[in-house]
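Spelled out, the chains give:
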Number of protein chains: 2
Amino acid sequence: MRSKTMNILFTCAGRRNYLLHYFRDALSGSGRVLAADSNKNAAAMIEADAAFLVPRVESPDYIPTLLTLCEQQKVGMLIALNDNELFILSEAKHRFRRIGTQVVVSSPGVIALAADKLATADFATELGIATPASYLHVDTALKAVEQGELCFPLFVKPRWGSASLGVECVNDIDELRWAWQLGLRRLPRNSLQPYAAREDGLLIQNALRGQEYGIDVVNDLEGRYQTTFVKRKLGMRSGETDQAVTENCPELVALGRRLGEALKHVGNLDCDVFMGAGKPCLLELNPRFGGGYPFSAAAGADVPSALIAWAKGKAPPLHWDAIRHNVMSSKCERIVSINRSATPVSEETPSVKSPYETTANNFATTPMALFR
Amino acid sequence: MRSKTMNILFTCAGRRNYLLHYFRDALSGSGRVLAADSNKNAAAMIEADAAFLVPRVESPDYIPTLLTLCEQQKVGMLIALNDNELFILSEAKHRFRRIGTQVVVSSPGVIALAADKLATADFATELGIATPASYLHVDTALKAVEQGELCFPLFVKPRWGSASLGVECVNDIDELRWAWQLGLRRLPRNSLQPYAAREDGLLIQNALRGQEYGIDVVNDLEGRYQTTFVKRKLGMRSGETDQAVTENCPELVALGRRLGEALKHVGNLDCDVFMGAGKPCLLELNPRFGGGYPFSAAAGADVPSALIAWAKGKAPPLHWDAIRHNVMSSKCERIVSINRSATPVSEETPSVKSPYETTANNFATTPMALFR
């Protein structure tokens, strides 16, 4: 018997084309893969079954536009990919639920905890999980250095930061002071969220030693722990994993279970962990599909099929969580052409964008279909 | 009549898989596409017809190993992709020539000029091309600010830098001082080349206004100017173009011609240019295939076919330089799996690497073939 069809919408689809392909494979014809982005040239827009230009996440029209879009397109499941939209989508989850759209997003509490590197560290400490020593002021960090409690190298980083932006590695007291001053001054300029520019928005943490790992901790749509995929990172590139190998590491699977059971997050949780002397130290939580998921998928993980099954109230397919160990993969670039014609695209761009920037009320009820 | 076959070797192949595909298409069966890298997991290693693990660029064995490899594999053309190997390959060009390998690399003078952002600015000024104001010391920059000759924002950057590493944008005098101190302190730590850590290795330049462009200036193997491809940048990601559209811009084609004729570089020259008030301002020169070439290729550029023809002493195919304007393309990620078996890769890694790290002499004559 054929399953009921389900359309899936990716918001802030960006350049995560591989996720579109994974979900299209999982649907195997029983639904469409849709992409929304505020940039009509985003690579994922080209490879979706239909693409929709929407306002930027910061716009008050973002949620209303997505609601209209989900209703019009009969979206059964919405997958949020950008850190900056997780909180507002989480708060609006019930409004989507009412029109039949399951938003795969954790509770506002989990999102807030993961977005705040200090709250993440406190949460880990409460669970008895090792985590970097964290200081909210340069003076307390310097005192800790003096008293021999803290050693260089240290990291100065935005407390609510993402993608390694604004992270400075410092090696002595002078560098710490300069990076601290520079970081404070830059916070208001580089912060997308107003709270991120607060006086206590800059953090000092000690550098972790050992091997870096990425783990995907998967919960079902009710926040019940399901499985953990472990990947040893072999190479990084601008804050994202570039090369990794899946590994059989019971300590990290156990850590994943503890995190998933304690957090009760929804769907995928991407975590950065260091292993030094056989003991895991938790650095960061991202309650969404992260840049490390493709390394799990390459080894056989099939979270999309599980999510689709759970959303339909069914059991996920057998072996969706059976990954092969020691599967090594690398990322590289692909080029996606948006047009190959000689149409004067440069003249078209402003007229396509302007309605959303100027007549927001109108736009809120009519998301722009780029193609279907 | 069938052309003579030619094998092509990419050094520091890294994750430039698309280039392998372009050259494979250009060869259309009349030669093999080979990749060399010091990382056996580099994505390009997987998609080459044969991959070779070689020492790191800094090793004294790098050139001898490549010479052996080129001789063994009958390499007709070597394409260097990494800034750090251009100079030594340029100096060794005649040694490769003697064994029948054409190294597509410019003269040491051109490489040195392009690697040094101050020399690049001086060269542009001599040609009457606008370029950022450049200061080698914070005091002279501050004096210029005081006298109203220089305005914030400014950039503090390594003079011999690459890929936006260590570049700091500063908005006032305090930030300039902190970033200067921090930058000076970091130079020795982050510099791959000893000269890059010199006292005059840190540069202050004014930020450019206007639209950013990338141009590919193509010369033949004798350094004679051939063509320029112009691309307006729409999005950047960690120092590399992520989205771009080809454009018909006579001013920038004229600039490309002037640069190509003055420099007499060999093959592709990737340039970063800003256009403000209809006047181009040159920021940077990269005398190699850059991250912007795929946007030219997506619009019809076929530099690989031209290079292969020139190396064979033939005329390049018709229309190799005819690109369509207004072709918009985006990059996104691809995952390449290095193995899908359950072999314990983690245990294999050290034993594969160790021979090169410990018995360099032996390695110099026996580059390791990973697969063929």
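Since we're looking at a predicted model, the values are computed, not measured.

Chemist: Would you mind going over the interface of chain A and chain B with me for this structure?
Modeler: Size of an interface, as often reported, equals the accessible area lost when the parts are brought together. With 54 residues of chain A at the contact, the number on the chain B side is 54 residues. Buried area between chain A and chain B, both sides added, is near 5100 Å², and the carbon and sulfur share of it is 47%. On the surface where chain A and chain B come into contact, there are 14 salt bridges. When the shortest N-O distance is used, the salt bridge between R237 of chain A and E240 of chain B registers 3.8 Å. Taken together, chain A and chain B are joined by 28 residue pairs in polar contact (both at pLDDT 80 or more). For the side of chain A that touches chain B, the secondary structure elements donating two or more residues are α1 (17–27), β8 (168–170), α9 (173–190), β11 (225–237), β12 (240–246), β15 (328–337) and α13 (345–358) of chain A.

Chemist: Hey, could you run me through the environment of T125 of chain B in this one?
Modeler: Residues and elements named next belong to chain B. Within the element layout of this structure, T125 appears in helix α7 (residues 117–126). The sequence separation of T125 and L282 amounts to 157 residues, and the corresponding C-alpha distance is 9.6 Å. Within the structure, the side chain of T125 is placed 2.8 Å from the backbone oxygen of A121, a separation counted as a polar contact.

Chemist: I'm lost on the pattern of salt bridges in this one. Help?
Modeler: Oppositely charged side chains can form a pair if their charged atoms are brought close together. All names here are of chain B. Inspection of every chain in the model, using the stated rule, returns 52 salt bridges over all chains. The salt bridge partner of R56 is E58, with a shortest N-O separation of 3.1 Å. Across the pair R237 and E333 runs a salt bridge whose closest N-O atoms are separated by 3.7 Å. With R237 in strand β11 (residues 225–237) and E333 in strand β15 (residues 328–337), this residue pair connects regions lying 96 residues apart in the sequence.

Chemist: Teacher, can you tell me more about the relation of the copies chain A and chain B here?
Modeler: Each copy of the chain is related to the other by a rotation around an axis and a translation along that axis. If you rotate chain A by 180 degrees and push it 0.0 Å along the axis, it lands on chain B with an RMSD of 0.0 Å. Those values place the two copies in the arrangement expected of a two-fold rotation axis. When the interface residues of chain A are mapped onto chain B, 100% of them are again interface residues, pointing to one common binding face.

Chemist: Just checking my understanding: could you explain unusual backbone geometry for this structure?
Modeler: Residue and element names in this part refer to chain A. That bond from F152 to P153 is cis: its omega, 0 degrees, falls within 30 degrees of zero. Topologically, P153 is positioned in the loop between α8 (138–146) and β7 (154–158). Backbone geometry at K264 places phi at a positive 55 degrees, although glycine is not the residue there. For K264, the position within the fold is in the loop between α10 (250–263) and β13 (267–276). Exposure remark for K264: the relative accessible area of 53% places this residue in the exposed category.

Chemist: Before we go on, may I ask you to explain the packing of helix α3 (residues 62–72) of chain A against helix α4 (residues 83–91) of chain A in this structure?
Modeler: Angle between the axes and distance between the axes are the two parameters that describe a pair of packed helices. Residue and element names in this part refer to chain A. Interaxial distance between α3 and α4 falls to 11 Å at its minimum, and their mutual angle equals 70 degrees. In this view, α3 runs roughly perpendicular relative to α4, as classed from their interaxial angle. For the element pair α3 and α4, the recorded crossing hand is right-handed. Contacts from Y62, I63 and L66 in α3 reach E85, I88 and L89 in α4.

Chemist: Where do I start with the sheet that holds strand β9 (residues 202–206) of chain B in this structure?
Modeler: The strands that make up a sheet are held in pairs by hydrogen bonds between backbone atoms, and each pair lies either parallel or antiparallel. Residue and element names in this part refer to chain B. Pairing in this open sheet of 4 strands is antiparallel, and the strands run β6-β9-β7-β8 from one edge to the other. For this open sheet the edge positions go to β6 (134–135) and β8 (168–170), each flanked by a neighbour on one side alone. Here strand β7 (residues 154–158) pairs with β9 via 5 bridges, running antiparallel. Across the sheet, the residue bridging to L154 is N206, located in β9. Of the strands in this sheet, β6, β7 and β9 touch α7, which is tilted by about 45 degrees from β9.

Chemist: What is the right way to read the side chain of R232 of chain A from this model?
Modeler: Residues and elements named next belong to chain A. Position of R232 relative to the elements: it lies in strand β11. For R232, a relative accessible area of 16% gives the class buried. Polar side-chain contacts of R232 include one of 2.5 Å to the side chain of E247.

Chemist: Would you mind going over the side chain of K117 of chain B with me for this structure?
Modeler: Residue and element names in this part refer to chain B. Along the chain, the position of K117 falls in helix α7. Residue class for K117 comes out buried when judged on its relative accessible area of 8%. A distance of 3.4 Å separates polar atoms of two side chains, one belonging to K117 and the other to E284. Residues contacting K117, with those up to four places away along its chain left out, are K157, P158, R159, G161, L203, Q205 and E284.

Rules behind the numbers
- Residues numbered from 1 in each chain as written.
- Chains lettered and ligands numbered in written order.
- Predicted model: local features only at pLDDT ≥ 70, side-chain atom pairs only at ≥ 80, totals over all residues.
- Heavy atoms only, no water.
- Contact = heavy atoms within 4.5 Å.
- Buried area = accessible area lost by both parts, 1.4 Å probe.
- Salt bridge = Lys/Arg side-chain N within 4 Å of Asp/Glu carboxyl O.
- Polar contact = N/O pair within 3.5 Å; in protein donor to acceptor, adjacent residues only side chain to side chain.
- Helix = DSSP H or I, 4+ residues; strand = E, 2+ residues; numbered from the N terminus.
- Least-squares fit on C-alpha atoms with pLDDT ≥ 70 in both.
- Buried < 20%, exposed > 50% of the residue type's maximum accessible area, 1.4 Å probe, protein only.
- Axes fitted to C-alpha atoms, helices over the stretch in contact; angles between N-to-C directions.
- Parallel < 35°, antiparallel > 145°, perpendicular 65-115°, else oblique.
- Left-handed = near helix turned anticlockwise from the far one by under 90°.
- Pairing = 2+ DSSP bridges.

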